[in-house]
Amino acid sequence: MNRNTEAQYFPTSSAGMAPRMDIYVGIHKALRAMMLDTLQAVGRVDVDDPAETRAVCERVQELADICASHLGHENDFVHAAMEARRPGSSGRIAAEHVEHLAAIAQLRTAASALLAADCGATQAEAALLLYRQLALFVGENFAHMHVEETQHNQVLWSCYSDDELRALEGAIVASLPPAENLCIMRWMVPAMTPAERAELLAGVQAAAPAPVYNAVLDAVRPHLAREDWGKLTRALTPAEAAVRIVA
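Under an unreviewed UniProt entry, the name given to the protein chain is Hemerythrin domain-containing protein, and the source organism is Achromobacter aegrifaciens.

**Regarding the overall build of the protein chain**
Within the protein chain, the secondary structure is distributed over eleven helices and zero strands. Going from N to C terminus, the protein chain has its helices and strands arranged as α-α-α-α-α-α-α-α-α-α-α. By residue count, 40% of the 247 residues in the protein chain fall in the buried class. With an accessible surface of roughly 13,000 Å², the protein chain has 58% of that area assigned to carbon and sulfur atoms.

**Considering the pattern of salt bridges**
Considering all chains together, one arrives at ten salt bridges under this definition. A salt bridge links Arg92 to Glu96; the shortest N-O distance between them is 3.4 Å. Of this pair, Arg92 and Glu96 both sit in helix H4 (residues 91-116), separated by four residues, roughly a single helical turn. Under the relative-accessibility criterion, Arg92 is labelled partly exposed at 49%. Take Glu96: its relative accessible area is 18%, and that puts it in the buried class. Put simply, Glu227 and Lys231 hold a salt bridge, and the shortest N to O gap is 3.6 Å. In this pair, Glu227 and Lys231 both sit in helix H10 (residues 226-236), four residues apart, roughly one turn of the helix. The class of Glu227 is exposed, set by a relative accessible area of 56%. Overall, Lys231 belongs to the partly exposed group, its relative accessible area being 35%.

About the thresholds
- Residues numbered from 1 in each chain as written.
- Predicted model: local features only at pLDDT ≥ 70, side-chain atom pairs only at ≥ 80, totals over all residues.
- Heavy atoms only, no water.
- Helix = DSSP H or I, 4+ residues; strand = E, 2+ residues; numbered from the N terminus.
- Buried < 20%, exposed > 50% of the residue type's maximum accessible area, 1.4 Å probe, protein only.
- Areas by Shrake-Rupley, 256 points an atom, 1.4 Å probe, with all protein chains shown as cover.
- Salt bridge = Lys/Arg side-chain N within 4 Å of Asp/Glu carboxyl O.

Structure representation (structure tokens):
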């Protein structure tokens, strides 16, 4: 890969400049983590265990819900912002979103078919079909998200200030139902770097009521290694770090 090609596929904000506001980085880390974890769960499901099979199918349905909702938020907020200042700039990804909605519906159908299967051989076949459909969906979404993170970010950075992009992200977050927001935080925070976690949760700590902030911490703590939890608590509340680490 030569330097020109590398710049095309992995653009940065500007050489020597502070990083720009990236509206995609956090949510896409969350989606990638959730997709991969769900794919692994489907791949190893024990179809002879009804409770495990049902739990895995519910996870697929939850992933479908989150992906469909995320797609809608991008259409309603991000694409609308892009089209307002650079008409036509969201066309390719908007068309892919239509295809993704169809793929999400197929995943729901495949998960329901696994639940409805009534014998071992049929269940195994249904589980493998679901696994392969989900694998294709994940692969296509990874490529799709890369286009958003590169080409769409270039449009957003050229048309909007960082303050405007933060306001756009804030509008998206404000539109989320509490349960959906908590689900996203559960996947987003563990997928982030320690610095990203501290910045995100410091913002939540400053802006949200204490019960909301504590609910977020309760949702993410089981999914962080002890060392990561320690770094986070020290970054957020140094005076309370020791208490939170051992609690």
